[in-house]
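Residues per chain are reported as follows:
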Amino acid sequence: MPVLSVIGTQWGDEGKGKILDLIAERADVVVRYQGGANAGHTVVVGTEKFVFHLLPSGILHPGKRNVIANGVVLDAEQLLQEIDAFEKRGIEIQGRLFISAAAHLVFPYHKALDRASEGVKGGTKIGTTGRGIGPAYADKIARTGLRVGDLYDERRFTERLRANVAEKNQILQAIYHAEPLPFESILAEFLGYAKRLRPYVTDTFHLLRDALDAGQYVFIEGAQGILLDVDFGTYPFVTSSNSSALGISAGTGIAPKRVGEVLGVAKAYTTRVGEGPFPTELPPAEAELLRKKGEEFGATTGRPRRCGWFDGVATRFAVEVNGVDALALTKLDTLSGYDTLQICTAYQIGGKSTDRFPCGEVSLDGVKPVYEKLPGWREPLTGMRRYDDLPKTVRDYVAFIEDFLRVRATIVSVGPARDQTITR
Ligand code: IMP
């Protein structure tokens, strides 16, 4: 298939960056289509660790083109810092990075509003990354946003930015009793970004269409996961974009019929950062153990991730919504050392049992997971390179997940390094 998408099937942090980096060799173009600097993808190459927020993972592969498409909300400051940091490490960006002129910009007032609104929510806060994602997408939908291409019409950009800053300052002051933001310095900052971004800005719709027409391979890199999707995730505790495969067409301009194969990425257990329902969450002491074993701390915010057992109900829903063709199952090595493992196969909701993930009609609050117990394994897996070398209990665990999700795990990951991956 000329278009292959790598999509998270949980609440993000499934290891999409590593999987994409692994298969990027076969791609001609790698594309980010949604989200922004809220994402944090970690890729380990030899002894080096690379953390991405906005750059697509294909950037580590010489010769590949990388696209930040129209569906992304672009934090120019963050992106430029990332470009500088990668260039310092010898990675060429010029001529390999293409940014859609139609991508919306994230401004300091978006970040200020994100933090201010979270600050007053108390018990109902979402636990956002504070990167201004919600307010930036809100402006896009409200048609008051400014796009990357707007930076190059200085007069119009200045007028519209002035109006936006004035409006947001009123909200910041009157509603959140926060400090107003200085228009002149924001303008100067963004006119500076305009110059630095210029070489990368292009019409990515036509770039992608031409690439596909020429028979090139386009790989799509999802950020977050389907359970954070604004339509199909655990609303309102979600991000503000369609982080499922459903967002690919709108976020890139690739026609739905051209969006081909979907590789779903799932961790062998479940984690979540931020607030919101999490049916298989472990009690604090057990969660702490899993967190330590899996080094489960957010790549963007450093926050400790909430940890729990593999949720078959939620992940099967993700497989269905995303149309997952094959699964990459990551971090199996983290589960070494348990006598017994548990996989959630149904939810008890209001006294009734169901294996269907509730899709808006009932709340996930108070859901009780129904578990299947499976034998664990003691052996460390990090040195294993062939599927048949894995202990039988590990293969049984994988087979149980495959049967339950009705999808084959064609990639199994046993550590962060590129070679700690088993392809079947
Ligand atoms: P926002 O995207 O910053 O608005 O945050 C909304 C929710 O999505 C919060 O629960 C965040 O913790 C979560 N979130 C956003 N980006 C990521 C990610 O890349 N990995 C995991 N969780 C994320």
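Just so it is clear, the model here is predicted, and its values are computed rather than measured.

**Focus on helix α10 (residues 312-322)**
It helps to recall that an α-helix has 3.6 residues per turn; residues three or four apart then point in one direction. For α10, the buried fraction is high: 10 of the 11 residues fall into the buried class. Buried residues of α10: G312, V313, A314, T315, R316, F317, A318, V319, V321 and N322, and no others. Buried residues in α10 make contact with β1 (3-8), β11 (261-267), β14 (310-311), β16 (340-349) and α11 (392-405). Immediately downstream of α10, the backbone of G323 shows phi near 65°, a positive value.

**Quick word on the pattern of salt bridges**
In total, this model carries 29 salt bridges according to the counting rule given. Among the salt bridges present, the one from K16 reaches E14, with a minimum N-O distance of 2.7 Å. For K16, a relative accessible area of 3% puts it in the buried group. With a shortest N-O distance of 2.9 Å, K111 and D75 are connected by a salt bridge. Taken as a pair, K111 in helix α3 (residues 108-121) and D75 in the loop between β6 (73-74) and α2 (76-88) lie far apart in primary sequence, 36 residues in all. Owing to a relative accessible area of 15%, K111 belongs among the buried residues under this scheme. In this structure D75 comes out as buried when scored by relative accessible area, which is 3%. When salt bridges with common partners are traced through the structure, they connect D13, K267, E296, R305 and K331 into a single cluster.

**Quick look at the environment of A24**
Inspection of the secondary structure puts A24 in the loop between α1 (16-23) and β2 (29-32). Between the alpha carbons of A24 and T239 there is a distance of 26 Å; along the sequence they are 215 residues apart. Apart from residues no more than four positions distant in its own chain, A24 is found in contact with V30, G58, H61, K64 and F219.

**Details of the environment of A287**
The topology assignment puts A287 in helix α9 (residues 284-294). Note: C-alpha distance between A287 and T271 (16 residues apart in sequence) is 9.5 Å.

**Overview of the site of the ligand**
Lining the immediate surroundings of the ligand are 17 residues, of which N38, T129, T239, V273 and R303 lie closest. Between a nitrogen atom of the ligand and a side-chain N or O atom of D13, the distance comes to 3.1 Å. At 3.2 Å from a nitrogen atom of the ligand is found a side-chain nitrogen or oxygen belonging to Q224. Protein chains shield 97% of the accessible area of the ligand, which is 470 Å² for the free molecule. In terms of residue class, the shell around the ligand is made up of 7 nonpolar, 8 polar and 2 charged.

**A short note on the side chain of T204**
By the secondary structure assignment, T204 is in helix α7 (residues 204-213). With near-sequence residues (within four places) excluded, T204 lies in contact with V67, I68, A69, N70, F98, I99 and S100.

**Considering the nonpolar core**
Among the nonpolar cores identified, the biggest contains 54 residues, and V218, L329, L332, L335, L390 and Y397 are the most heavily contacted of them. In terms of residues, this core owes the most to one element, α11, which gives 6 residues. One finds L55, A76, L97 and F107 within the second-largest nonpolar core, a separate group that totals 40 residues.

**Brief notes about the pairing of strand β19 (residues 409-413)**
Among the 5 residues that make up β19, 4 are buried, leaving the element largely enclosed by the rest of the structure. By the bridge criterion, 3 bridges tie strand β15 (residues 326-330) to β19 in an arrangement that is parallel. Of the residues in β19, the one forming a bridge with L329 is V412. Bridging between β19 and strand β20 (residues 421-423) involves 3 bridges; their strand directions are antiparallel. What sits directly across from I411, in β20, is T423.

Thresholds applied
- Residues numbered from 1 in each chain as written.
- Predicted model: local features only at pLDDT ≥ 70, side-chain atom pairs only at ≥ 80, totals over all residues.
- Heavy atoms only, no water.
- Buried < 20%, exposed > 50% of the residue type's maximum accessible area, 1.4 Å probe, protein only.
- Helix = DSSP H or I, 4+ residues; strand = E, 2+ residues; numbered from the N terminus.
- Contact = heavy atoms within 4.5 Å.
- Salt bridge = Lys/Arg side-chain N within 4 Å of Asp/Glu carboxyl O.
- Near = heavy atom within 4 Å.
- Polar contact = N/O pair within 3.5 Å; in protein donor to acceptor, adjacent residues only side chain to side chain.
- Areas by Shrake-Rupley, 256 points an atom, 1.4 Å probe, with all protein chains shown as cover.
- Nonpolar A, V, L, I, M, F, W, Y, C, P; charged D, E, K, R; others polar.
- Core = buried A, V, L, I, M, F, W, Y, C linked by side-chain atoms within 4.5 Å.
- Pairing = 2+ DSSP bridges.

Remember, this is a structural readout, not a statement about activity or role.
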